[in-house]
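So the chains spell out like this:
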Amino acid sequence: METLFVGQNQYFLPRVESTNTYATGLLRNVNIPEGTIVYTDHQTQGRGQRGNSWIAEPASNITASIILNPLFLGLKKTFCISKIAALAVHDVLTENLTHGQFDIKIKWPNDILVNTRKIAGILIENQVQTGRLAHSVIGIGLNVNQTEFGDVPATSFKSLLGVNCDRKLVLSQLCKHLEKWYLRLKKGAFTEIDQAYFQALYGYKQSLSFRDEAGLVFDAVLQNVTEEGLLVLVLDNHVVKHYDIKEITLLR
Ligand code: BTN
């Protein structure tokens, strides 16, 4: 592992309900070093965003959670953790998908797409203590060697490259890129982070289809993502609206 701390302390579990739940449990009981990673070959009750489940074929993918302690980050900037996690996964993909036409994008808030198919999902669970961000559990599900996804428009390294990939190697790349972006965040490189995030953001400044809570489907321009992580849309009648993750779904 070519890192200073991310991934240096590892818990490998052959089978576990959810690496995020396990990592959160660790934080309750023991003094855990920052950068600790929990990963498994078989996640039986993987959790996704919006209360969805995350189903991954055993021993084929990356299902991992990394613990960070971003005490230095103002609570208003919590969404930066989402940005750097998405950028880290984005960089892992860029490092591996070198031959061929691959359009690697971050779909708000932090899904990762290749050629509009989902290859990774991120679930971040934050713990605030005495007004500070004490712990972030960054859960990452990355499709590596799985090739069957049923009706879901998903993809994986193997689906894209046609060969099996070394999951251990991909995991170490993930730790390396996450540490790189985390250290940038720590030194306050917000402009660099934002530039990279918006450059990789799927549909940025473009007209896309959305579905709101009431089930209404509409087109709007993805104008911005606020510091708090809210999606800013410009509707057909030029009205500007802000949405949080529970209020809207970005359709393809
Ligand atoms: C999503 O796309 O909805 C987010 C999926 C996050 C899945 C990962 S797999 C490792 C970690 N443990 C979990 O239970 N969930 C995350």
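Basis of the calculations
Note that residues are indexed from 1 along each chain, following the sequence as it is written. Note on the predicted model: pLDDT of at least 70 is required for a residue's local features to be given, and 80 or more for side-chain atom pairs to be given and counted; whole-chain, interface and lining totals, by contrast, use all residues. Hydrogens and waters are ignored; side-chain quantities use all the structure's heavy atoms. Pairing between strands requires that DSSP locate at least two bridges from one strand to the other. A run of DSSP states H or I qualifies as a helix once it reaches four residues; a run of E qualifies as a strand once it reaches two. Both are numbered from the N-terminal end. Orientation is described by axes fitted as lines to C-alpha atoms, over the contacting stretch for helices, and by angles from 0 to 180 degrees between their N-to-C directions. Whether a residue is near a molecule or strand is decided by its heavy atoms; if any one of them lies within 4 Å of it, the residue is near. Pairs of N or O atoms within 3.5 Å make up the polar contacts considered here, provided that, within protein, one atom can donate a hydrogen while the other can accept it, and that residues adjacent in sequence are counted only when both atoms are side-chain atoms. The nonpolar class holds Ala, Val, Leu, Ile, Met, Phe, Trp, Tyr, Cys and Pro. Asp, Glu, Lys and Arg form the charged class, and all remaining residues, Gly among them, are polar. Here, a salt bridge means any side-chain nitrogen of Lys or Arg that lies within 4 Å of a carboxyl oxygen of Asp or Glu. For the exposure calls, accessible area comes from a 1.4 Å probe over protein chains only, and a residue counts as buried if that area is under 20% of its type's maximum, exposed if over 50%, partly exposed in between. Expected helix span is computed as 1.5 Å times (number of residues minus one).

**Q** How do you make sense of the sheet that holds strand β8 (residues 207-212) when you look at a structure like this?
**A** Whether parallel or antiparallel, the strands of a sheet pair through hydrogen bonds between backbone atoms. Taken in spatial order, the five strands line up as β11-β10-β9-β8-β12 in an open sheet, and their pairing is antiparallel. Of all the strands in the sheet, just β11 (240-243) and β12 (248-250) have a single pairing partner and so form its edges. If you compare each strand with its neighbour and ignore which way they point, the axes differ by 45° on average. Sheet analysis places strand β9 (residues 217-225) next to strand β10 (residues 231-234), joined by four bridges and oriented antiparallel. Looking at β10, one finds that L222 is bridged to L233.

**Q** What should I look at first to understand the site of the ligand in this one?
**A** Close to the ligand lie 20 residues, the nearest being S18, Q43, R47, Q49 and K118. Within the side chain of T19, a nitrogen or oxygen atom sits 3.1 Å from a nitrogen atom of the ligand. Every element with two or more residues in the shell around the ligand is listed here: α1 (19-29), β3 (62-68), β6 (117-129) and β7 (132-142). With four residues, β6 is the largest single contributor of residues to the shell around the ligand. Among the residues making up the shell around the ligand, the classes are represented as five nonpolar, twelve polar and three charged.

**Q** Even after reading the chapter, I still don't get the sheet that holds β7, so can you show me in this structure?
**A** Ordered in space as β1-β2-β3-β7-β6-β5-β4, the seven strands form an open sheet in which the pairing is mixed. Bordering the open sheet on either side are β1 (10-13) and β4 (104-107), each of which pairs with just one other strand. Ignoring strand direction, the axes of neighbouring strands in this sheet form an average angle of 20°.

**Q** Is there a simple way to think about the pattern of salt bridges in this case?
**A** Pairing between side chains of opposite charge can happen when their charged atoms approach one another. In the structure shown here, the tally under the stated rule is eleven salt bridges. Of the charged contacts, one joins E228 and K76 as a salt bridge, the two residues approaching to 4.0 Å between their closest N and O atoms. Here the residue E228 occupies a position in the loop between β9 and β10, and K76 occupies one in the loop between β3 and α2 (79-96), the gap between them amounting to 152 residues. Where D194 meets K83, a salt bridge forms, and the shortest distance between an N and an O atom there is 2.6 Å. Remark: K83 occurs in helix α2 and D194 occurs in helix α5 (residues 190-200); sequence separation between them is 111 residues. The class for K83 is buried, based on a relative accessible area of 3%. In this structure, a network of salt bridges that share partners links the residues K76, K77, E227 and E228.

**Q** So what exactly am I meant to see when it comes to α2 here?
**A** Within an α-helix, residues lying three or four positions from one another point in the same direction, as the helix has 3.6 residues per turn. Between its first and last C-alpha, α2 extends 26 Å over 18 residues, near the 26 Å set by a 1.5 Å rise per residue. Most of α2 is tucked away, with 16 of its 18 residues classed as buried.

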